[in-house]
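This is what each chain is made of:
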Amino acid sequence: THVVTEACIRCKYTDCVDVCPVDCFREGPNFLVIDPDECIDCAVCIPECPASAILPEEDVPASQQEYIKLNADLAAKWPSITKRKPALADADEWKNRTGKRSELIE
Ligand code: F3S
């Protein structure tokens, strides 16, 4: 599967959802996740993300391993998103920050 990692938090650009052929993105208040049961590993979303937040599971770094389970867990409770929408208002300010885990609204 592919995994949305920390870089998406407080950005949520949503460019990724427009290209997903299987509609596997799920939307929370300030983060998206990929439903691992739906993702077909096509990878077309990767270059679409301005924050470079999406990675193949095997490339998720040690520091971000918790996002693998977070994607699975949150996908089970968040609604589907299939159409791009405006990014969060201060997305550009948050795009290059790290240490955003505590900002995630579940
Ligand atoms: Fe998030 Fe990037 Fe999609 S910031 S909403 S994973 S385009």
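Up top you'll find the structure we're talking about.
Not measured: the values here are computed from a predicted model.

Parameters and conventions
Residues numbered from 1 in each chain as written. Predicted model: local features only at pLDDT ≥ 70, side-chain atom pairs only at ≥ 80, totals over all residues. Heavy atoms only, no water. Salt bridge = Lys/Arg side-chain N within 4 Å of Asp/Glu carboxyl O. Helix = DSSP H or I, 4+ residues; strand = E, 2+ residues; numbered from the N terminus. Buried < 20%, exposed > 50% of the residue type's maximum accessible area, 1.4 Å probe, protein only. Contact = heavy atoms within 4.5 Å. Polar contact = N/O pair within 3.5 Å; in protein donor to acceptor, adjacent residues only side chain to side chain. Core = buried A, V, L, I, M, F, W, Y, C linked by side-chain atoms within 4.5 Å.

(A) Just the pattern of salt bridges, in detail. Applying the stated criterion across every chain yields a total of 9 salt bridges. Here K12 ties to E27 by a salt bridge, and the two come within 2.8 Å at their closest N and O atoms. A residue pair is termed long-range when its members are at least 10 positions apart, and K12 in the loop between β1 (2–4) and α1 (15–19) and E27 in strand β2 (residues 25–27) qualify at 15 residues. When its relative accessible area of 7% is taken as the criterion, K12 is described as buried. Here E27 falls in the buried class, since its relative accessible area comes to 16%.

(B) View of the environment of K12. Between the C-alpha atom of K12 and that of P86, which follows or precedes it by 74 residues, the distance is 8.4 Å. Once residues within four sequence positions are removed from consideration, K12 is found in contact with E27, G28, P29, N30, F31, L32, P86, A87 and L88. One polar contact links the side chain of K12 to the main-chain carbonyl oxygen of G28, over a distance of 2.8 Å. Of the polar contacts made by the side chain of K12, one reaches the backbone oxygen of P29; its length is 3.2 Å.

(C) How the structure looks around the environment of Y67. Following the sequence through the fold, Y67 ends up in helix α2 (residues 66–75). For Y67, a relative accessible area of 1% corresponds to the buried category. Sequence separation of Y67 and E93 is 26 residues, and the distance between their C-alpha atoms is 22 Å.

(D) Layout of the nonpolar core. Within the largest apolar cluster, 32 residues are counted, with the highest numbers of intra-cluster contacts made by V4, F25, F31 and I54. Elements with a contribution of two residues or more to this core: β1, α1, β3 (32–34), α2 and α3 (91–94). Counting residues per element, this core draws most heavily on α2, which supplies 4 residues. Excluding residues within four positions of it along the chain, V4 makes contact with F25, F31, L32, V33, I34, A53, I54, Y67 and N71.

Read these as spatial facts, not as claims about activity.
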